[in-house]
Amino acid sequence: MDAKKLEILMTAVDLGSFSKASQVVGYTQSGLTHLVNSLEREIGFQIIFRNHNGISLTPQGEELMPAIRDYLSANTFLNSKIQTIKNEKCESIRIAAYSSIAMHWMPEILYRFRRICPHVDVDLRMVDNALEPFELLKEGRTDIVFASKQNCGSYQWIPLYQEKMYAILPQDYPVKDSTSFPLKEMEGMDFLMPYGRFDIDVHAAFEKNGVHVREKASYVDDETVIRMVEKGFGVSMMTELMIRGRTDDVRCIPVEPEVVRELGMGLPKEGEVTNSVSRLRDCAMAYINEKKMQNQQKMG
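Residues numbered from 1 in each chain as written. Predicted model: local features only at pLDDT ≥ 70, side-chain atom pairs only at ≥ 80, totals over all residues. Heavy atoms only, no water.

## Some points on the overall build of the chain
Here comes step 1: In terms of regular secondary structure, the chain is built from 11 helices and 12 strands.
Here comes step 2: Each principal axis of the C-alpha distribution contributes one length, and for the chain these read about 100 × 40 × 30 Å.
Here comes step 3: Evaluated residue by residue, the chain yields a buried proportion of 42% over its 300 residues.
Here comes step 4: Working note: accessible area of the chain is about 16,800 Å², and carbon and sulfur atoms make up 50% of it.
Here comes step 5: Across the chain, the 36 positively charged side chains and the 42 negatively charged ones have centroids separated by 3 Å. (Helix = DSSP H or I, 4+ residues; strand = E, 2+ residues; numbered from the N terminus. Buried < 20%, exposed > 50% of the residue type's maximum accessible area, 1.4 Å probe, protein only. Areas by Shrake-Rupley, 256 points an atom, 1.4 Å probe, with all protein chains shown as cover. Lys, Arg positive; Asp, Glu negative; His and termini not counted. Charge placed at Lys NZ, Arg CZ, Asp CG, Glu CD.)

## What about the pairing of strand β10 (residues 236-239)?
Here comes step 1: Side chains Ser-236 and Met-238 project from β10 onto one buried face, and the interleaved Met-237 and Thr-239 project onto a second face that is buried too.
Here comes step 2: Pairing geometry for strand β6 (residues 155-170) and β10, over 4 bridges, is antiparallel. Along β10, the bridge assignment pairs Tyr-166 with Met-238. (Pairing = 2+ DSSP bridges.)

## Observations concerning the side chain of Glu-163
Here comes step 1: Among the structural elements, Glu-163 can be located in strand β6.
Here comes step 2: Residue class for Glu-163 comes out buried when judged on its relative accessible area of 0%.
Here comes step 3: A polar contact of 2.7 Å, which involves the side chain of Glu-163, links it to the backbone nitrogen of Leu-241.
Here comes step 4: A distance of 2.7 Å separates the side chain of Glu-163 from the side chain of Arg-261, its partner in a polar contact.
Here comes step 5: Beyond its immediate chain neighbours, meaning those up to four positions away, Glu-163 contacts Thr-239, Glu-240, Leu-241, Met-242, Val-259, Val-260, Arg-261 and Leu-263. (Polar contact = N/O pair within 3.5 Å; in protein donor to acceptor, adjacent residues only side chain to side chain. Contact = heavy atoms within 4.5 Å.)

## With respect to the nonpolar core
Here comes step 1: In terms of nonpolar packing, the biggest core is built from 38 residues, with Ile-101, Trp-105, Met-106, Ile-109, Ile-144 and Phe-146 touching the most fellow members.
Here comes step 2: Mapped onto this core, the elements with two or more residues apiece are β3 (92-98), α5 (99-104), α6 (106-116), α7 (132-138), β5 (144-148), β6, β12 (260-268) and α11 (275-299).
Here comes step 3: In terms of residue count, the dominant contributor to this core is α11 (6 residues).
Here comes step 4: Residues within four places of Ile-144 in sequence aside, it is in contact with Ile-93, Arg-94, Ile-95, Ala-96, Leu-137, Met-265, Gly-266, Leu-267, Val-277 and Leu-280. (Core = buried A, V, L, I, M, F, W, Y, C linked by side-chain atoms within 4.5 Å.)

## So, the side chain of Ser-22
Here comes step 1: In this fold, Ser-22 is placed in helix α2 (residues 18-25).
Here comes step 2: Classification of Ser-22 by relative accessible area gives buried; the value is 14%.
Here comes step 3: Leaving out residues up to four positions away in the same chain, Ser-22 has contacts with Tyr-27, Thr-28, Gln-29 and Leu-32.

## Things to note about unusual backbone geometry
Here comes step 1: The step from Glu-256 to Pro-257 runs through a cis peptide bond, and the omega angle for that step is 0 degrees.
Here comes step 2: In this fold, Pro-257 is placed in the loop between β11 (250-256) and β12.
Here comes step 3: The backbone of Arg-197 shows a phi angle near 65 degrees, a positive value even though the residue is not glycine.
Here comes step 4: Tracing the sequence through the fold places Arg-197 in the loop between β8 (190-193) and α8 (199-209).
Here comes step 5: A relative accessible area of 35% places Arg-197 in the partly exposed class.
Here comes step 6: Phi at Asp-249 is positive, roughly 70 degrees, even though this residue is not glycine.
Here comes step 7: Positionally, Asp-249 belongs in the loop between α10 (240-243) and β11.
Here comes step 8: Of the residues examined, Asp-249 reaches a relative accessible area of 44% and is grouped as partly exposed.

## Some thoughts on the packing of helix α1 (residues 3-15) against α2
Here comes step 1: Direction vectors running N to C along α1 and α2 enclose 130 degrees, while the axes themselves pass 8 Å from each other. Classified by the angle between their axes, α1 and α2 sit oblique to one another. Helix-helix and strand crossings are classified by hand; for α1 and α2 the assignment is right-handed. Between α1 and α2, the contacting residues are Ile-8, Thr-11, Ala-12 and Leu-15 on the first element and Phe-18, Lys-20, Ala-21, Val-24 and Val-25 on the second.
Here comes step 2: In terms of residue class, the contact of α1 with α2 is made up of 7 nonpolar, 1 polar and 1 charged. (Axes fitted to C-alpha atoms, helices over the stretch in contact; angles between N-to-C directions. Parallel < 35°, antiparallel > 145°, perpendicular 65-115°, else oblique. Left-handed = near helix turned anticlockwise from the far one by under 90°. Nonpolar A, V, L, I, M, F, W, Y, C, P; charged D, E, K, R; others polar.)

## Section: α11
Here comes step 1: With 25 residues, α11 extends 36 Å between its outermost C-alpha atoms, agreeing within 8% with the 36 Å of an ideal straight helix rising 1.5 Å per residue.
Here comes step 2: All of the buried residues in α11 are Ser-276, Val-277, Ser-278, Leu-280, Cys-283, Ala-284, Tyr-287 and Ile-288. (Expected span 1.5 Å × (residues − 1).)

## Comments concerning the pattern of salt bridges
Two side chains carrying opposite charge are able to pair once their charged atoms lie near each other.
Here comes step 1: In total, this model carries 21 salt bridges according to the counting rule given.
Here comes step 2: Look at the salt bridges and you will find they share partners, linking Asp-222, Glu-223, Arg-227, Glu-230, Lys-231 and Arg-246 into a network. (Salt bridge = Lys/Arg side-chain N within 4 Å of Asp/Glu carboxyl O.)

## Quick word on the environment of Leu-6
Here comes step 1: Looking at the element boundaries, Leu-6 is found in helix α1.
Here comes step 2: As a C-alpha pair, Leu-6 and Leu-35 span 29 residues in sequence and 9.8 Å in three-dimensional space.

## Let's talk about the packing of aromatic side chains
Here comes step 1: Per the counting criterion, the structure on display carries 7 aromatic pairs.
Here comes step 2: Aromatic pair Trp-105 and Tyr-161: ring centres 5.8 Å apart, planes at 90 degrees, arrangement edge-to-face. Highlighted residues: Trp-105 in the loop between α5 and α6 and Tyr-161 in strand β6, separated in sequence by 56 residues.
Here comes step 3: Note on Phe-191 and Phe-206: the rings are 5.2 Å apart at their centroids and 80 degrees apart in plane angle, and the pair reads as edge-to-face. Remark: Phe-206 occurs in helix α8 and Phe-191 occurs in strand β8; sequence separation between them is 15 residues. Exposure class is identical for Phe-191 and Phe-206. Each is buried.
Here comes step 4: Counting every residue linked through ring pairs, the aromatic cluster contains Phe-134, Tyr-155 and Trp-157. (Phe/Tyr/Trp six-rings, centres within 6.5 Å; stacked < 30°, edge-to-face > 60°.)

Encoded structure:
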């Protein structure tokens with residue numbers, strides 16, 4: 001059964017006239033008459049009455065009409081689904097993420113995403129600068145970012161995780177309490193500042209607590225900063241994900257008062273989020289919620 005013929009028939013029935021329908025569907029009136037005649041022969045009985053007032057349905061046509069409407073509705077849904085799958089097959093999602101998030105979160109998130117969207121390509125870009133993801137988002141060069149919340153421009157923000165900040169100390173540093181390290185104790189110390197505008201978060205913590213350090217800028221990765229602390233070049237401060245797996249031969253202690261940065265997902269402020277980006281967002285939220293529950297169970 002030709003769905004196009006049925007759509008034209010429905011248009012004529014709804015308008016009650018071949019002449020009115022011809023203006024809508026782009027057929028001549030005689031062409032519409034020929035099409036309906038052909039459709040009736042294919043069906044095997046008359047479905048339209050024609051008179052000088054226009055057209056109306058025969059009793060058989062009235063009985064058939066709900067099924068035709070259901071058929072056309074199902075056909076529209078099918079075509080929409082086909083188009084969605086076609087779009088997904090050639091779709092690509094661009095992601096920008098801090099290196100710490102890319103290392104510790106993204107493999108599992110992308111594994112889950114690939115299981116539900118196997119035909120969507122993913123372009124993961126790892127960045128070390130705290131502000132770069134949001135610059136890429138503003139310029140339209142990425143579709144979603146995984147970063148810490150920043151006051152730079154306008155974007156949609158979905159919070160995921162409150163990440164604690166830790167003092168990084170030499171192994172032989174004398175500590176009074178291994179569960180927390182007073183920020184005030186860093187007063188006047190040589191401080192190795194992590195690279196990549198992480199100084200934004202560190203400076204905010206120092207200013208809030210009135211701490212002044214002898215800051216030493218560094219242009220090396222987090223691992224190197226930690227190794228420099230190990231060799232006694234100073235102290236530093238980093239977050240949970242930044243230090244994970246790198247704490248041998250140094251002390252890593254949560255600072256007091258507690259300092260956290262909010263990790264989450266950033267999306268463009270304007271424009272509709274695609275179905276694939278929505279699914280990626282859901283995968284990330286589900287994964288982080290599971291991690292939170294696991295941490296709560298360990299603490300409980």
